[in-house]
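# Descriptive analysis of the structure
The primary structure of each chain is shown beneath.
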Amino acid sequence: MRDFFQQADRIYFDEAPCKAIDIAKDIPEENIRQFRELAGFNGTIADEQIFNNLKLYTKDTFLKNGAVLFFAQNPEQFFEKAVVRCIAFEGTDKRFIIDDKLMQGTLYQQFLQTMEWLKGKLDVRYDIEGVGSQPRKEIWEIPETVFREAIINALAHRDYYEKGARITIELFTDRVEISNPGGLVSGIPRNEFGKRSLSRNPLIFGLFERIRMVEQIGSGIVRMRDLMIEAGLTPPEFTMEGMFTVIFRRPFDFEKWVERWAEKLTNNRVKILREVHANNRVTKRELEQEVGISASAIDNNLNVLKELGLLEREGSDKGGNWKLNYISPQGG
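A brief structural summary. (Residues numbered from 1 in each chain as written. Predicted model: local features only at pLDDT ≥ 70, side-chain atom pairs only at ≥ 80, totals over all residues. Heavy atoms only, no water.)

### Side note on the pairing of strand β9 (residues 311-314)
Within a regular strand, side chains alternate between the sheet's two faces. The pairing of β9 with strand β10 (residues 321-324) spans four bridges and is classified as antiparallel. Along β10, the bridge assignment pairs Glu314 with Asn321. Joining the antiparallel neighbours β9 and β10 is a turn of six residues, in which Gly315 adopts a positive phi near 85°. (Pairing = 2+ DSSP bridges. Helix = DSSP H or I, 4+ residues; strand = E, 2+ residues; numbered from the N terminus.)

### Re the pairing of strand β5 (residues 167-171)
Among the five residues that make up β5, five are buried, leaving the element largely enclosed by the rest of the structure. Side-chain alternation along β5 places Ile167, Ile169 and Leu171 on one buried face and Thr168 and Glu170 on a second face that is also buried. Pairing analysis gives four bridges linking β5 to strand β6 (residues 175-181), with the strands arranged antiparallel. The residue bridging Glu170 from the neighbouring strand is Glu177, located in β6. Turn length for the β5-β6 hairpin, with the two strands adjacent in sequence and antiparallel, is three residues. (Buried < 20%, exposed > 50% of the residue type's maximum accessible area, 1.4 Å probe, protein only.)

### Looking at the environment of Phe13
The topology assignment puts Phe13 in the loop between α1 (2-7) and α2 (23-26). Classification of Phe13 as buried rests on a relative accessible area of 7%. What Phe13 contacts, discounting residues up to four positions off in sequence, is Asn65, Leu69, Phe79, Tyr160, Tyr161 and Asn201. (Contact = heavy atoms within 4.5 Å.)

### Things to note about the sheet that holds β6
Strand order in this open sheet of six strands is β2-β1-β5-β6-β8-β7, and the pairing throughout is mixed. Of all strands in the sheet, those bounded by a partner on one side alone are β2 (97-103) and β7 (237-239). Strand-to-strand, the axes of this sheet are offset by a mean angle of 15°, without reference to chain direction. In this structure, β6 lies alongside strand β8 (residues 243-249), joined through seven bridges in antiparallel fashion. Looking at the pairing, Arg175 lines up with Arg249 of β8. Set on the sheet, helix α6 (residues 107-121) makes contact with β1 (84-89), β2, β5 and β6; between it and β2 the angle comes to about 160°. (Axes fitted to C-alpha atoms, helices over the stretch in contact; angles between N-to-C directions.)

Treat this as a map of the structure, not an account of what it does.
The following block contains the structure:
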């Protein structure tokens, strides 16, 4: 029902009034100043005029929810779950937590805190760019821009009506998962995912656009995929039911991993794994062409890989994707 009314342009969380906020007490000047600088607003324009021009007030002159999330000192005071939880696990499952932090403040501040947390957890090396006073270039094990796109996407598009879940960043030894409440926006068909831009929160999206953090054309998904492939990593994996989740696989030595399974992997099985590693949405027909064997032989080899625990199918045959499990052979 909520999706229905949103599509009818009747109800958006970020456009609704926040009647509990006291603007004079709860909106610090520093947060407005930061936004003005990022957006490039002329210093002669009054704060009140900017708020009016950006349509941050309802007709009844209440501040809108989206404005509270962007400017309030403690937005979580009004929206408890509007925070980002960052969790680091030991290993590839969720048995042992080694770090657990809540990122609070404005949505932009949550973004900055989350990026800083990830930087401290991932492998980051430096290349000196130029000479003299030129800054060092940071090279993240997973491209920094990929995380920038994914986190802003989560903050801008999450379902803020969902009060039982937060945005979560989960770090494992083999992957990073970024999840936000709300599946794929209902106005976007699954086959248009990554090609069109539509937000549950047009006001929040517009404010991020004002500070040059997003693009209207919906190119973020394609850019994430391209950057991962350029870095020699597997493309991002997406799930869209209930929670919207993107999974980034951390770097690992694929050839060395395959070598450890050499006793149980034929050449054709290695070729299949290599194709899935390069494209987790590869079809059986494409596998037939790339591997050079019949459909029945593809099915037989896929079944063996599944029995070994190396490969899984997520979702339907038509709309799903493959998942590689980077496990070691028993005793290996």
